[in-house]
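Here is what each chain is made of, one letter per residue.
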Amino acid sequence: MSDPTIFERIIDGDIPGHVVHKTEAVAAFLDANPLTPGHTLVVPREPYTRLRDVPPDVSADIFGAVRTLSPAIEDAVDADATTVGINDGTVAGQEVPHLHVHIVPRFEGDGGGSIHTAVGSFADLDDDEIADIASDIETRLG
Ligand code: AMP
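So, a few notes on the structure that sits alongside this text. Here the structure is a predicted model, which means the values were calculated and not measured.

Points about the sheet that holds strand β5 (residues 101-106)
Okay, so step 1: Strand order in the open sheet formed by five strands is β1-β2-β3-β5-β4, with antiparallel pairing between adjacent strands. The strands lining the two open edges of the sheet, one partner per strand, are β1 (19-22) and β4 (81-85). Within this sheet the neighbouring strands show an average axis-to-axis angle of 20 degrees, counted without direction.
Okay, so step 2: Here five bridges tie β4 to β5, and the two strands are oriented antiparallel to one another. Looking at β5, one finds that Thr-82 is bridged to Pro-105.

Structural notes on the pairing of strand β2 (residues 26-30)
Okay, so step 1: Where burial is concerned, most of β2 is hidden: four out of the five residues are buried.
Okay, so step 2: Of the pairings in the sheet, the one linking β1 to β2 comprises three bridges and is antiparallel in character. Looking across to β2, one finds that Lys-22 is bridged to Ala-27.

Notes on the site of the ligand
Okay, so step 1: Around the ligand, 15 residues are found, and the nearest of them are Asp-31, Asn-33, Glu-95, His-100 and His-102.
Okay, so step 2: Between an oxygen atom of the ligand and a main-chain N or O atom of Gly-93, the distance comes to 2.9 Å.
Okay, so step 3: For the ligand, whose free accessible area comes to 510 Å², the fraction covered by protein is 83%.
Okay, so step 4: It is helix α1 (residues 6-11) that contributes the most residues to the shell around the ligand, three residues altogether.
Okay, so step 5: A per-class count over the shell around the ligand returns seven nonpolar, six polar and two charged.

About the thresholds
Residues numbered from 1 in each chain as written. Predicted model: local features only at pLDDT ≥ 70, side-chain atom pairs only at ≥ 80, totals over all residues. Heavy atoms only, no water. Pairing = 2+ DSSP bridges. Helix = DSSP H or I, 4+ residues; strand = E, 2+ residues; numbered from the N terminus. Axes fitted to C-alpha atoms, helices over the stretch in contact; angles between N-to-C directions. Buried < 20%, exposed > 50% of the residue type's maximum accessible area, 1.4 Å probe, protein only. Near = heavy atom within 4 Å. Polar contact = N/O pair within 3.5 Å; in protein donor to acceptor, adjacent residues only side chain to side chain. Areas by Shrake-Rupley, 256 points an atom, 1.4 Å probe, with all protein chains shown as cover. Nonpolar A, V, L, I, M, F, W, Y, C, P; charged D, E, K, R; others polar.

If you want it as structure tokens, here you go:
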């Protein structure tokens, strides 16, 4: 068996952390290096690496937890809004190989951007190229 991930160790209480939510399939705890007050990570308790690895029932539980937690966190830190995101894969910035959803409370004037700032430019695609991508996605969904 592989070593537990750092997030499993937090959930199990083996290393310090601020766990704010725990169910059979999902847990949430405060990020140790918060971008803003209340920055929280929601994780499956099983250490799936990528979103594509997560079984549908567990992904439903993860998003359910995000839905429950986001307003509670926003209210707890008196935030104005929330950014929710996953760095799904190393090229996207994933550092911990245990899938996690970032819930980042946002504040007027916090200097951050929207999800659109995650990539520094827009893709230069014509209508045919966009249609081809849409068709390819639909084909893969079966
Ligand atoms: P990512 O780049 O999406 O993989 O994000 C990993 C996140 O895990 C970062 O925001 C880190 O601050 C956070 N993190 C790393 N170690 C810990 C820890 N021991 N407790 C809580 N959060 C952590």
